[in-house]
Amino acid sequence: MKYSKLFGRTSKTEGSDLKVTSHRLLTQAGYIRESVAGRYFLLPLGLKVHQKISEIVKKHMDTAGAQEMVSPVLHPMELWRETNRDNAAGYELMQIADRRGAEFALGGTGEEMFVDVVRKFNISYRDLPFNIYQFGNKYRDELRARGGLLRVREFVMKDAYSFSTEQQFEAEYQNMMDTYTRIFKEIGLSTSIAEADGGYIGGDYCHEFIVDADVGESVYFTDGGEYIAHEDVAVFDKSHSDEVHTELADLTIVDADRGTTMDDGLKLHAPAPMTRHIKNVVYINERQEIVLACIRGDLDVNETKLQKAADCHHLTPLAEEQIAEWMGSKAGFISAVGVRETTNGHKLAIVADNSLEGLVNGISGANQDKKDYININMARDFTPDIVADIALARAGYTSTDGKELQERVGIEVGNIFQLGYHYTDLMDGATYTDEDGTQKNLYMGCYGIGIGRTMAAIAEVYSDDNGLVWPLAVAPYQVYIASLGDDSAVLELTESVYSDLTSAGYEVLHDDRDVRPGEKFADADLLGIPVRIVVSGRSIEAGGVEIKLRPDKDSQIVPSANLEKTLKKELKRHI
RNA sequence: CGGGGCGUGGCGCAGUUGGCUAGCGCGCGCGGUUUGGGACCGCGAGGUCGGAGGUUCAAGUCCUCUCGCCCCGACCA
């Protein structure tokens, strides 16, 4: 390929609002171009990288026994109604109607469609297990797109769905976990596999594959050993070394001339440690029920865990006026003690963190201004509807294995979900005929990789001050040749090197532009192609062509007869 | 949806106490001199100043509405 004919050129002036490295470099180097917010053109170079990634994904999926297919982009709305996701996913779900008024969802994920196609067949236990997948455009009406390809409103995802018996599932899940590990390894990405929350996808457990990067949105914790978990689900040891009362004292209301923060309470009731305070946070869920979360003062509420415990999928903090009006309480002085009687038409659920179970003689507000309760004891003084782990992990806490948790941030490039019977329960006829002739629900898993986001993650990890540095496996071209000057010896040698390398199976980009050397070198760095070859009068005089790996500083002169051998050797050193 | 910033040739920007044919750098085209880390000279093309309405003798500049973009938050596979 001649660079002079390649559509999409590099640009020297960077967009000042392109703050994410991968976004800026991919744009500047001519790999992508924004259409409107969150929707991108993949230019010829960008598409080549995208395709390389897809091919690697496909190769490993096929090896794992999965089968590629294609589903329609428009999903009949009634399928999403069957699973109640027309509302649950309502914030993101794109909808469209045809001229007859038939409604469709522009799929953001494909569980319904894949269950639907499976149930059109009479599946027998003999068919199980199987895994079918697609590379499909996904549409998500994100509240805010950000970071170039990191969070977009339409993108290509490889989404796979396994159908099996419950007994077979563990092997299916493990198979995909191993496959993903191989995929990202081949691509050149090192990933952490974190336990995570499934969100509106459903199911009981899932894992995210996360590439460490500051610009990522996935916060997770690791104890340096076995334990790796997303912030949403991370658990930790809640024990502490503060002195604990052993004798239950009488519940008492005291004057509390203090501000409304936990620290104000701590000061007022000194020397009682924060671990004796009780923090109360009030939310309202999508069913207009009030959820009162109670947790030990030194901990914070994890809203994802709280949602699960309270069996809801949306929580909004309750405003001060409503705390007063609906609960007869006072922001900053809320207590679970006695609060139930004062609610006003709204159901109220008290969800207590399990950290309160060992708390003796706790301290919190007393549901009125400037009054606190002391000596609160759960069970005696109030009865939670639910006791669960609703605490947010923090760096510095210890894991249940006793090791210190570290906080990390990264880009979620893939995920695997156990779906179980979630969809097959909701959708009629998603069954197989078992050996004994009875119909049984299929057991499912689903597995996604965002191709564009993976591309951005690579760009994020592999780049330097001068531009991109593609790993060999995904580079749009393996070799970049710059011919300097229009001397006929240079042009002839370039031609022969180009055709030799091309017939040897390399993808070669020849920078044939009539521009000065500096510009070619700068662009070569920006483009990030693994090997740079320079053919010039100087290199010919020195005995051949010049070769250099993108990350290297120095080049070497190689006689053109030895070029292929040297190239092969050099490429082994590359990422 | 809340907070902040911003829309002026392809890109980056200047121009706002209203006032002349709306500028600059990069890029693009032509000619020339150059040629190993983004050269230089000359000429040239390219803009209904995001859109609509209004005020005014006069609007890129003031007013109203509106569309869109970026960052932070809420939300999220």
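Quick note: structure is the one above.
The numbering scheme is per chain: residues are counted from 1 as the chain's sequence reads. Ligands are numbered from 1 and chains lettered from A, in the order in which they are written. The predicted origin of the model limits local features to residues at a pLDDT of at least 70 and limits the giving and counting of side-chain atom pairs to 80 or more, whereas totals for whole chains, interfaces and linings rest on all residues. Excluding hydrogens and water, the side-chain values take into account all heavy atoms of the structure.

Q: Would you explain the overall build of chain A in this entry?
A: Tallying secondary structure elements over chain A gives 15 helices and 32 strands in all. Expressed as lengths along the three principal axes of its C-alpha atoms, the size of chain A is roughly 100 × 65 × 50 Å. Here chain A holds 575 residues, and the buried ones make up 52% of them. Any two residues having at least one pair of non-hydrogen atoms within 4.5 Å are treated as being in contact. For chain A, long-range pairs separated by at least 24 residues make up 69% of all intrachain contacts whose partners lie at least 6 apart in sequence. When the accessible area of chain A is evaluated, it comes to approximately 26,400 Å², of which 47% is carbon and sulfur surface. Numbering of helices and strands runs from the N terminus; a helix is a DSSP stretch of H or I covering at least four residues, while a strand is a stretch of E covering at least two. Buried, partly exposed and exposed residues are distinguished by accessible area as a fraction of the type maximum, computed with a 1.4 Å probe on protein chains only: under 20%, between the cut-offs, and over 50%, respectively. The protein chains shown are the only cover counted for residues, whose accessible areas, like all others here, come from Shrake-Rupley with a 1.4 Å probe.

Q: So what exactly am I meant to see when it comes to the pattern of salt bridges here?
A: For side chains of opposite charge, pairing can occur when their charged atoms come near one another. Each salt bridge in this description consists of a side-chain nitrogen of Lys or Arg and a carboxyl oxygen of Asp or Glu lying within 4 Å of one another. Applying the stated criterion across every chain, the model contains 38 salt bridges. D116 is paired through a salt bridge with K120; the nearest N and O atoms lie 3.7 Å apart. Its relative accessible area of 14% is what places D116 among the buried residues. Since its relative accessible area comes to 61%, K120 is described here as exposed. Its salt-bridge partner being R532, residue E546 comes within 3.7 Å of it at the nearest N-O pair. Here the residue E546 occupies a position in strand β31 (residues 545–549), and R532 occupies one in strand β30 (residues 531–535), the gap between them amounting to 14 residues. One salt-bridge network, in which partners are shared between bridges, spans E82, D116, R119 and K120.

Q: I would appreciate a short explanation of the side chain of H50 in the present structure.
A: Mapped onto the elements of the fold, H50 is located in helix α2 (residues 44–63). For H50, a relative accessible area of 8% gives the class buried. If sequence neighbours within four positions are ignored, H50 has contacts with L42, V156, I451, G452 and M455.

Q: What am I meant to see in unusual backbone geometry here?
A: For the bond running from L128 to P129, omega is -5°, close enough to zero to count as cis. The omega torsion across A270 and P271 is 5°, close enough to zero to call that bond cis. The topology assignment puts P271 in the loop between α7 (262–268) and β15 (278–285). In this model, N361 sits at a positive phi of 60°, which is unusual for a non-glycine residue. Along the chain, N361 turns up in the loop between β18 (348–353) and β19 (362–365). A positive phi angle, near 60°, is found at K370, a position not held by glycine. Inspection of the secondary structure assignment puts K370 in the loop between β19 and β20 (371–376). K370 gets classed as partly exposed once you look at its relative accessible area, which sits at 35%.

Q: Help me understand the state of the cysteines in this model?
A: Two cysteines joined by a covalent bond between their sulfur atoms form a disulfide. Note on terminology: disulfide denotes any pair of cysteine sulfur atoms within 2.5 Å. Scanning all chains against the criterion turns up zero disulfides. Lacking any disulfide linkage, C206 is separated from the closest cysteine sulfur, that of C446, by 8.6 Å. A residue is classified by how much of its surface remains accessible, and C206, at 2% relative accessible area, is buried. Not part of a disulfide, C294 finds its nearest cysteine sulfur in C312, a span of 15 Å. C294 gets classed as buried once you look at its relative accessible area, which sits at 0%.

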